[in-house]
Amino acid sequence: MYDWLNALPKAELHLHLEGSLEPELLFALAERNKIALPWNDVEALRSAYAFNNLQEFLDLYYAGANVLRHEQDFYDLTWAYLLKCKEQNVIHTEPFFDPQTHTDRGIPFEVVLRGIKQALVDGEKQLGISHGLILSFLRHLSEEEAFKTLEQAVPFRDAFIAVGLDSSEMGHPPSKFQRVFDKARSEGYLTVAHAGEEGPPEYIWEALDLLKIQRIDHGVRAIEDERLMQRIIDEQIPLTVCPLSNTKLCVFDDMRQHNILQMLERGVKVTVNSDDPAYFGGYVTENFAALHASLGMTQEQAKRLAQNSLDARLV
Ligand code: ADE
Ligand code: ZN
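Residues numbered from 1 in each chain as written. Chains lettered and ligands numbered in written order. Predicted model: local features only at pLDDT ≥ 70, side-chain atom pairs only at ≥ 80, totals over all residues. Heavy atoms only, no water.

Participant: I'd like a rundown of the overall build of the chain, residues and numbers included.
Facilitator: When helices and strands are tallied, the chain shows 16 helices and 10 strands. For the chain, the C-alpha radius of gyration of 18 Å lies close to 20 Å, the compact-globule estimate for 315 residues. Once the C-alpha set of the chain is aligned to its principal axes, its extents read approximately 50 × 45 × 40 Å. Burial analysis of the chain (315 residues in total) assigns 59% to the buried set. Once local pairs closer than 6 in sequence are excluded, the contacts in the chain between residues at least 24 apart make up 77%. Summing over all exposed atoms, the chain offers an accessible surface of approximately 12,100 Å²; the carbon and sulfur share of this is 50%. Within the chain, one finds 30 positive and 48 negative side-chain charges whose respective centroids are separated by 4 Å. (Helix = DSSP H or I, 4+ residues; strand = E, 2+ residues; numbered from the N terminus. Rg over C-alpha atoms; globule rule 2.2 N^0.38 Å. Buried < 20%, exposed > 50% of the residue type's maximum accessible area, 1.4 Å probe, protein only. Contact = heavy atoms within 4.5 Å. Areas by Shrake-Rupley, 256 points an atom, 1.4 Å probe, with all protein chains shown as cover. Lys, Arg positive; Asp, Glu negative; His and termini not counted. Charge placed at Lys NZ, Arg CZ, Asp CG, Glu CD.)

Participant: So, the sheet that holds strand β7 (residues 190-195): which residues are in play, and what are the values?
Facilitator: One open sheet accounts for seven strands, arranged β3-β5-β6-β7-β8-β9-β10; its pairing is parallel. In this open sheet, the two strands that pair with only one neighbour each are β3 (96-97) and β10 (270-272). Judged from the four bridges that link them, β7 and strand β8 (residues 215-218) form a sheet pairing that is parallel. Residue pairing across strands places H194 opposite D217, the latter belonging to β8. (Pairing = 2+ DSSP bridges.)

Participant: Got a sec to walk through the pattern of salt bridges? Specific residues and values, please.
Facilitator: Taken as a whole and judged by the stated rule, the model has 18 salt bridges. We note a salt bridge from D76 to R32, for which the minimum N-O separation is 2.9 Å. With D76 in helix α5 (residues 71-87) and R32 in helix α2 (residues 23-32), this pair connects stretches of sequence that are 44 residues apart. The closest approach of N and O atoms between R266 and E226, which form a salt bridge, is 2.9 Å. Of this pair, R266 sits in helix α13 (residues 260-266) while E226 sits in helix α11 (residues 226-234); the two residues are 40 residues apart in sequence, bridging distant segments of the chain. Among the charged side chains, a salt-bridge network with shared partners connects E22, E24 and R46. (Salt bridge = Lys/Arg side-chain N within 4 Å of Asp/Glu carboxyl O.)

Participant: I'd like a description of the UniProt feature "domain: Adenosine deaminase" (unreviewed entry) in the chain, backed by residues and values.
Facilitator: The residues that UniProt annotates with the feature "domain: Adenosine deaminase" (unreviewed entry) are residues 9-311. Secondary structure content for residues 9-311 is 49% helix and 12% strand, while the C-alpha to C-alpha distance between its ends is 12 Å. (UniProt positions renumbered as here; feature names shortened; annotations may be inferred.)

Participant: I'd like to hear about the nonpolar core, residue by residue, with values.
Facilitator: Among the nonpolar cores identified, the biggest contains 98 residues, and F97, F160, I232, Y279 and L305 are the most heavily contacted of them. With eight residues, the single largest contributor to this core is helix α7 (residues 109-127). Residue contacts for F97: discarding those within four places in its chain leaves L17, E18, F109, V112, L113, I116, L133, I134, L135, S136 and F160. (Core = buried A, V, L, I, M, F, W, Y, C linked by side-chain atoms within 4.5 Å.)

Participant: Before we move on, can you summarise the site of ligand 1 with the specific residues and values?
Facilitator: Taken together, H16, L54, F57, L58, Y61, D166, S167, H194, E197, H218, D275 and D276 make up the full set of residues adjacent to ligand 1. H218 is positioned such that a nitrogen or oxygen atom in its side chain is 3.4 Å from a nitrogen atom of ligand 1. Between ligand 1 and D275 there is a distance of 2.7 Å, counted from a nitrogen atom to a side-chain nitrogen or oxygen. Computed on the free molecule, ligand 1 has an accessible area of 260 Å², of which 100% lies beneath the protein chains in the complex. For the shell around ligand 1, the element with the highest residue contribution is helix α4 (residues 54-64), accounting for four residues. Residues that form the shell around ligand 1 fall into these classes: four nonpolar, four polar and four charged. (Near = heavy atom within 4 Å. Polar contact = N/O pair within 3.5 Å; in protein donor to acceptor, adjacent residues only side chain to side chain. Nonpolar A, V, L, I, M, F, W, Y, C, P; charged D, E, K, R; others polar.)

Participant: An account of helix α10 (residues 201-209) is requested, with residue identities and associated values reported.
Facilitator: Those residues of α10 lying buried are P201, Y203, I204, W205, A207 and L208. Where the residues of α10 are buried, they touch β7, β8 and α11.

Participant: Can you lay out the sheet that holds strand β2 (residues 90-93) for me, pointing to particular residues and giving the numbers?
Facilitator: Spatial strand order, β1-β2-β4: three strands in an open sheet with parallel pairing. Of all the strands in the sheet, just β1 (10-12) and β4 (130-131) have a single pairing partner and so form its edges. Pairing of β2 with β4, which is carried by two bridges, proceeds in the parallel orientation. Residue pairing across strands places T93 opposite H131, the latter belonging to β4.

Participant: So what about the environment of H14? Which residues, and what values?
Facilitator: Along the chain, H14 turns up in the loop between β1 and α2. Residue classification places H14 among the buried positions, given a relative accessible area of 0%. Contacts of H14, omitting those with residues within four sequence positions, involve F96, H194, D217, H218, T240, C242, N273, S274 and D275. Side chain to side chain, H14 and H16 meet in a polar contact 3.4 Å long. At a separation of 3.0 Å, a polar atom in the side chain of H14 contacts the side chain of H194.

Next up, the structure:
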């Protein structure tokens, strides 16, 4: 089944490039950039990957990103992810990057963008993987800081297709960024947002009504609100679901409790994605395989999930 799932052509629509930083590359970049790490070796770092919630993960994720300093580092990070895509027959990817994670450490916006974009362009040419890049705002930071980031992005208008919203969800509702998203849409960007990962269904309503998003990232808590379920079914609004992430971050206690197949069978346009594969134990095929192992996902269901991912592309 693993090989069959691996061979299925698919798109990945929810992937944080910083979350694809494998411990081996993290250590190699630390050495190249002469950065001292608080972990003795790769195994010690990996054993720190045990999280009780989103925030515990984010603290480590931002610490890990500190080794990314130069354009080549961002290129290497992105290229390593694209090689995984090739291996797993991901034919199209729409990755996120978090510019503020880097600009707040004094890394120029264009250094981050140039490294990532060059790898994505090379990936199209050399690996045949198409892409659309998404700039994601950190929601734990202010509206003003998001506006500043958008301003930095506009001169590179054609490098991105959309803006998104990620980081600590609770206490940072989509409404906080309504004006930033209005401005982004007026600049011609499409919009997506993380909503209903840890946060309540109300945050999904806000993301739809105020941020006018094309896709909901996660969205698994939509199932708690029947009126919302009806809307996302009627309007066929895609959900980019990340099963291994949800169990690693305790959104569900166990994969057997995951609601993705229940949603699929109700007609929700759900897709399977890896979120932060280096931290959560697998890339997109491993996520499909976990659904087969724990929920009995059939080949017919896997085909529909993969087709949804191709249909839900922004580009
Ligand atoms: N940043 C990286 N992964 C994330 C996630 N799962 N939720 C919110 N922000 C993130
Ligand atoms: Zn995410």
